[in-house]
Amino acid sequence: MSTLLWGVLPYVAFVLLVSGLIWRHRYDKFGWTTRSSQVYESRLLNIASPMFHYGILFVLVGHLMGLFVPESWTDAVGMSEHTYHLFSLFGGTAAGALAVVGIGMLVYRRRTNAPVFKATTRNDKTMYVMLLAAIVMGLWAKLADSSVSSGYDYRQTIAPWARSLFTLQPDVSLMEGVPVAFQVHIVIGMVLIALVPFTRLVHMFSAPVQYLFRPYVVYRSKEQGQLGQRPPRRGWERVDR
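As the structure is a computational prediction, the values presented were derived from the model and not from experiment.

Cut-offs and rules
- Residues numbered from 1 in each chain as written.
- Predicted model: local features only at pLDDT ≥ 70, side-chain atom pairs only at ≥ 80, totals over all residues.
- Heavy atoms only, no water.
- Phe/Tyr/Trp six-rings, centres within 6.5 Å; stacked < 30°, edge-to-face > 60°.
- Helix = DSSP H or I, 4+ residues; strand = E, 2+ residues; numbered from the N terminus.
- Buried < 20%, exposed > 50% of the residue type's maximum accessible area, 1.4 Å probe, protein only.
- Lys NZ or Arg CZ within 6 Å of the ring centre and 35° of its normal.
- Salt bridge = Lys/Arg side-chain N within 4 Å of Asp/Glu carboxyl O.
- Contact = heavy atoms within 4.5 Å.
- Polar contact = N/O pair within 3.5 Å; in protein donor to acceptor, adjacent residues only side chain to side chain.

Glancing now at the packing of aromatic side chains. Considering all chains together, one arrives at four aromatic pairs under this definition. Between Trp-6 and Trp-161 the ring centres are 5.7 Å apart and the planes differ by 85°, which places this aromatic pair in the edge-to-face class. With Trp-6 in helix 1 (residues 2-27) and Trp-161 in helix 7 (residues 158-165), the pair connects residues that are 155 residues apart, well separated along the chain. Here Trp-6 matches Trp-161 in class, with each residue buried. Consider the rings of Trp-23 and Phe-198, whose centres lie 6.3 Å apart with planes at 40°: the pair is tilted. Of this pair, Trp-23 sits in helix 1 while Phe-198 sits in the segment after helix 8 (180-195), and the two are 175 residues apart along the sequence. The ring of Phe-117 is capped by Arg-111, whose NZ or CZ atom sits 4.6 Å from the centre of that ring. Arg-155 extends its terminal NZ or CZ atom over the ring of Tyr-84, reaching a point 3.7 Å from the ring centre.

Have a look at this one:
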């Protein structure tokens, strides 16, 4: 079971993620969308959606730092282990709580607004359950095994195991002493990763990065002879090239 969970399941999740994205892009391009329900209700959505997205963004950044920034790196910049622990405890808890409140409001909105509820599919319900379970289980694992003075040091076990996956030599023995709450959180997370291409979560891979590199837009005015006689306002003077 240990080999299956920590040596096989991560690669199964990754293969499903990559192959699912390829399949979705090839055969369901028009379905590659969030299927926004803003047309039915926007007041609550404008509050809940930013809360969830900012919360989950900070959660993901925290996970990346915790898993892929070794303890030696934080020591090198002068950050003590206790300082890192406090940052992880309070920052991670705040981000997770923000995401939970946001997704809770989104679920409430879907359940209480009839048109939005009718537009909700079984796929959406599964996504919400898995997403909420992953976040709540992560919060539980963090708070149950931590206090202000100390906490479970996952950078000695979970983080090296996660990095070992990229060498194709997963060290499953590192996960043997990990608290059960962390193990359940990780398993739910891997299942969620595998489900991403088949849910509306696929939109996370559609960030408009090209806008950062597109050329600026050149606005051209009419010819000088066609302009009116009114003097231009300050800041809107004609620029001759």
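Per the stated rule, a full pass over the model turns up four salt bridges. A salt bridge links Asp-28 to Arg-24, with the shortest nitrogen-to-oxygen separation between them at 2.7 Å. Overall, the relative accessible area of 26% leaves Asp-28 in the partly exposed class. The class of Arg-24 is buried, set by a relative accessible area of 8%.

The next thing to look at is the side chain of Asn-113. One can find Asn-113 in the loop between helix 4 (81-112) and helix 5 (114-118). The class for Asn-113 is buried, based on a relative accessible area of 17%. Among residues more than four places away in sequence, those in contact with Asn-113 are Tyr-40 and Glu-41.

On the secondary structure map, Glu-41 appears in the loop between helix 1 and helix 2 (45-68). Judged by relative accessible area, which is 13%, Glu-41 ranks as buried. Taking the C-alpha atoms as reference points, Glu-41 and Pro-115, separated by 74 residues in sequence, lie 8.6 Å from one another. Once you skip the residues sitting within four places of it in the chain, Glu-41 turns out to touch Arg-109, Asn-113 and Val-116. Of note is the side chain of Glu-41, whose polar atom sits 3.2 Å from the backbone nitrogen of Arg-43. Among the polar contacts made by the side chain of Glu-41, one reaches the main-chain amide nitrogen of Leu-44 at a distance of 2.6 Å.

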